[in-house]
Amino acid sequence: MNTAPSFKLLFVCLGNICRSPAAEGVMRRVVVEAGLGETIHIDSAGTAGWHTGKRADERMRAAAQSRGLELTSFARQVRDADLSEYDLVLVMDRSNHQDIRAFDREKLHATKVRLFCEFCTDHEETEVPDPYYGGPEGFEKVLDLLEDGCAGVLRHVQGQLKSRV
Ligand code: 4NP
């Protein structure tokens, strides 16, 4: 049996210790609940490498924990190969969108990079705000946006998988 995942999804923020690890955790839960844990591969990365190897920020982990989510990832920086290997790259804000262009050296993959908030249906925001220098409400806001958008991302990926059959 071929168990290779058929869709690869990468979440990207600046440091890969707040927003994108939380997105990875929320999306993993959504995907497992949909029975697609073996089909959809999920990872996250940062456009900056400052926090490489670190667990998610403890404030983000605590906020996620209070919603029953354990964030287990270790930070890594985006690699050039990510742009060719992943099917969909979801960035948290426009600055990430700008910065990730540097990793797409041949300029071949721009269409697979999308703003995460395009997939939100219950929020008006167009970016997931960086919570790093703010208070606890910022981390809750991130999770609210992620829970909304990840449901939309699942619907989108399910549509993509169907159209491939
Ligand atoms: P993230 O948040 O991009 O959501 O992981 C940040 C984490 C660290 C820093 C900025 C934003 N920093 O300046 O170190």
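Treat the numbers as computed from the prediction; the structure is a model and nothing was measured.

Reading the values: the criteria
Residues numbered from 1 in each chain as written. Predicted model: local features only at pLDDT ≥ 70, side-chain atom pairs only at ≥ 80, totals over all residues. Heavy atoms only, no water. Axes fitted to C-alpha atoms, helices over the stretch in contact; angles between N-to-C directions. Helix = DSSP H or I, 4+ residues; strand = E, 2+ residues; numbered from the N terminus. Parallel < 35°, antiparallel > 145°, perpendicular 65-115°, else oblique. Left-handed = near helix turned anticlockwise from the far one by under 90°. Contact = heavy atoms within 4.5 Å. Nonpolar A, V, L, I, M, F, W, Y, C, P; charged D, E, K, R; others polar. Core = buried A, V, L, I, M, F, W, Y, C linked by side-chain atoms within 4.5 Å. Buried < 20%, exposed > 50% of the residue type's maximum accessible area, 1.4 Å probe, protein only. Near = heavy atom within 4 Å. Polar contact = N/O pair within 3.5 Å; in protein donor to acceptor, adjacent residues only side chain to side chain. Areas by Shrake-Rupley, 256 points an atom, 1.4 Å probe, with all protein chains shown as cover. UniProt positions renumbered as here; feature names shortened; annotations may be inferred. Pairing = 2+ DSSP bridges. Right-handed = clockwise from strand over helix to strand, strands pointing away.

Attention now goes to the packing of helix α2 (residues 58-65) against helix α5 (residues 136-164). The contact between α2 and α5 brings their axes to 9 Å, and the two run at 55 degrees. Taken as axis vectors, α2 and α5 run oblique relative to one another. With respect to the hand of their crossing, α2 and α5 are arranged in right-handed fashion. Across from Arg 59, Met 60, Ala 63 and Ala 64 in α2, the residues of α5 making contact are Phe 139, Glu 140, Val 142 and Leu 143. Taken together, the residues of the contact of α2 with α5 sort by class into 6 nonpolar, no polar and 2 charged.

Another point: the nonpolar core. Membership of the largest hydrophobic core comes to 40 residues, with the highest contact counts inside it found for Leu 9, Phe 11, Met 27, Ile 40 and Phe 116. Of all elements in the fold, only β1 (7-13), α1 (19-33), β2 (40-46), α2, β3 (88-91) and α5 reach the threshold of two or more residues within this core. Examining the composition of this core, we find that 10 residues originate from one element, α5, more than from any other. In this view, Phe 11 contacts Ser 20, Ala 23, Glu 24, Met 27, Ile 42, Asp 43, Ser 44, Ala 45, Leu 90, Met 92, Phe 116 and Cys 150; residues no more than four positions away in its chain are not counted.

In the vicinity of the ligand, the contacting residues are Cys 13, Leu 14, Gly 15, Asn 16, Ile 17, Cys 18, Arg 19, Trp 50, His 51, Asp 130, Tyr 132 and Tyr 133. At 2.8 Å from an oxygen atom of the ligand is found a main-chain nitrogen or oxygen belonging to Gly 15. A distance of 3.2 Å is found between an oxygen atom of the ligand and a side-chain nitrogen or oxygen belonging to Tyr 133. Summarising the interface, the protein chains cover 93% of the accessible area of the ligand, which totals 360 Å² for the free molecule.

So, about the UniProt feature "domain: Phosphotyrosine protein phosphatase I" (unreviewed entry) in the chain. UniProt's feature table lists "domain: Phosphotyrosine protein phosphatase I" (unreviewed entry) at residues 7-156, given in the numbering used throughout. Counted over residues 7-156, helix gives 38% and strand 14%. Its end C-alpha atoms are 11 Å apart.

Of all 7 residues in β2, 6 are buried; the element is thus mostly enclosed. The sheet contact formed by β1 and β2 spans 7 bridges and is parallel. Considered in β2, the bridge of Phe 7 is made with Ile 40. One crossover worth recording links β1 to the parallel β2 by way of α1, and it is right-handed.

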